[in-house]
Amino acid sequence: MAEDGEPTIGTMAVEEPLDLIRLSLDERIYVKMRNERELRGRLHAYDQHLNMILGDVEETVTSVEVDDETFEEVYKTTRRNIPMLFVRGDGVILVAPPMRGGGM
Amino acid sequence: MGIHARSRHRELNTLTCLVMKLEGWKTTVELQNDAYVSGLVIEVDAKMNMQMTDAWYTDGNGRSIRLDLFHVRGRKIRYVHIPDKMDMMEAIRERVAPLVRHRKVGKKSHIALKRTEQTVRRFYRQQEGEYHQQPQQGEAGPSGHQTLLH
């Protein structure tokens, strides 16, 4: 189905955005989810709905609290680890390689 | 016929088939309302609607309640914990292979039947291709197909 002149990575043509996720298979990725959640794990499988199987995943939940006295915004994060997780695609906002530097 | 074809298509072309293979396993399911349920999975359908038994339902505040039968809409699920002992590739192969091998090709006058046939054959061919090739990543294939890594 690949036409001449299409960009190729190795022997596979990159035809649509989902193909870019294919390149991250078996790599560690960063997934931003709804409700201020983030996942960092190894991508084992995905489908067109962005249902994913992630291994060795760390979930980060971020919440904001306003201090009663100082009225400052306090960001709180909760982390936990799960060995193998199936993620339902309708909660996924974006998929990216893990970010280097700040925010790790 | 049309309903079953759509169900089969949804099952074979997404990762739902893997969740369906969790029937009989004890696992934890996290819901979109921040509650989680730990129990024995009885049944999962192609829309990921799930029934569990001997389930402990813990709500967002941490309060737990034991339920003999728990049913949740597939859309309301956020995560499903996969048990360590489960072999995922084998589970998916078990799910897909029977549908292909024992299917008799009859009169293809019905469009729904034909579509199901094509989907199943295409998926099986793609799986065979991946298995023999042993690539780093899966084949490109038409859009909408799941890609798996051994």
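Everything numeric here is computed off the predicted structure, so don't read it as measured data. (Residues numbered from 1 in each chain as written. Chains lettered and ligands numbered in written order. Predicted model: local features only at pLDDT ≥ 70, side-chain atom pairs only at ≥ 80, totals over all residues. Heavy atoms only, no water.)

Enquirer: Would you mind showing me how to read the overall build of chain B here?
Expert: Scanning chain B for helices and strands turns up 4 helices and 6 strands. Tracing chain B from N to C terminus, the helices and strands come up as α-α-β-β-β-β-β-α-α-β. Counting all 150 residues of chain B, 44% fall into the buried class. Here chain B has roughly 8,700 Å² of accessible surface; of this, 49% comes from carbon and sulfur atoms. (Helix = DSSP H or I, 4+ residues; strand = E, 2+ residues; numbered from the N terminus. Buried < 20%, exposed > 50% of the residue type's maximum accessible area, 1.4 Å probe, protein only. Areas by Shrake-Rupley, 256 points an atom, 1.4 Å probe, with all protein chains shown as cover.)

Enquirer: Would you take a moment to explain the environment of R88 of chain A for this structure?
Expert: Topologically, R88 of chain A is positioned in the loop between β6 (73–87) and β7 (92–96). A relative accessible area of 12% means that R88 of chain A is categorised as buried. Residues R88 of chain A and H49 of chain A, 39 residues apart in the sequence, show an inter-C-alpha distance of 8.1 Å. Other than its neighbours up to four places away in sequence, R88 of chain A contacts N51 of chain A together with K47, M48, G74, R75, I77 and R78 of chain B. (Contact = heavy atoms within 4.5 Å.)

Enquirer: It is not clear to me how the interface of chain A and chain B should be interpreted in this structure. Could you clarify?
Expert: Many structure descriptions define interface size as the accessible area lost when the parts assemble. Counting residues at the interface gives 29 residues for chain A, matched by 31 residues for chain B. Each partner contributes to the roughly 2,600 Å² buried at the junction of chain A and chain B, and carbon and sulfur atoms together form 57% of this total. Counting across the interface, chain A meets chain B through 2 salt bridges. E30 of chain B is the partner of R80 of chain A in a salt bridge, and the nearest nitrogen-oxygen pair spans 2.6 Å. Inspection of the chain A/chain B interface yields 10 residue pairs in polar contact (both at pLDDT 80 or more). Of all elements in the fold, only β4 (37–46), β5 (52–66) and β6 of chain A reach the threshold of two or more residues within the side of chain A that touches chain B. Here the side of chain A that touches chain B takes 7 residues from β6 of chain A, the largest share from any one element. (Buried area = accessible area lost by both parts, 1.4 Å probe. Salt bridge = Lys/Arg side-chain N within 4 Å of Asp/Glu carboxyl O. Polar contact = N/O pair within 3.5 Å; in protein donor to acceptor, adjacent residues only side chain to side chain.)

Enquirer: Please clarify how the nonpolar core should be interpreted in this entry.
Expert: Nonpolar side chains tend toward joint burial in soluble globular proteins. Core analysis: the largest hydrophobic core is formed by 34 residues, its most contacted members being I53 of chain A together with L31, M50 and I82 of chain B. Both of domain 1 (1–21 + 88–125) and domain 2 (25–85) of chain B provide at least three residues apiece to this core. Once residues lying within four places of it in the same chain are set aside, the contact partners of I53 of chain A are R42, L43, H44, A45, M84, L85 and F86 of chain A together with L15, L18, I82 and M88 of chain B. (Core = buried A, V, L, I, M, F, W, Y, C linked by side-chain atoms within 4.5 Å. Domains from an automatic or database assignment.)

Enquirer: Help me understand the layout of surface pockets, please; the structure alone is not making it clear to me.
Expert: If a probe as big as a water molecule is rolled over the atoms, it shows which places are left empty. Its volume calculated, the largest pocket comes out at about 330 Å³. Residue lining of the largest pocket: 15 residues in total, with R37 and R80 of chain A together with E30, D34 and Y36 of chain B positioned closest to the centre. Across the lining of the largest pocket, the residue classes break down as 4 nonpolar, 3 polar and 8 charged. (1 Å grid on protein atoms, 1.4 Å probe; cavity = no way out; pocket = protein on both sides within 12 Å on 5 of 7 lines; lining within 4 Å. Points joined across faces, edges and corners; volume = space filled by probe spheres on them. Nonpolar A, V, L, I, M, F, W, Y, C, P; charged D, E, K, R; others polar.)

Enquirer: Help me understand unusual backbone geometry in this model?
Expert: Leaving glycine out, the prevailing phi sign among residues is negative, and the prevailing peptide bond configuration is trans. In this structure, N35 of chain A is a non-glycine residue whose phi angle is positive, near 65°. With respect to the helices and strands, the residue N35 of chain A is situated in the loop between β3 (28–33) and β4. A positive phi angle is found at D34 of chain B, which is not glycine, with a value near 70°. With respect to the helices and strands, D34 of chain B occurs in the loop between β1 (26–31) and β2 (36–44).

Enquirer: Quick question: what am I supposed to make of a negative patch on the surface here?
Expert: A contiguous patch of negative charge on the surface is contributed by D67, D68, E69 and E72 of chain A. Its place among the elements puts E69 of chain A in the loop between β5 and β6. (Patch = residues over 30% accessible without salt bridge, like charges linked within 9 Å, V, L, I, M, F, W, Y side chains within 5 Å. Lys, Arg positive; Asp, Glu negative; His and termini not counted. Charge placed at Lys NZ, Arg CZ, Asp CG, Glu CD.)

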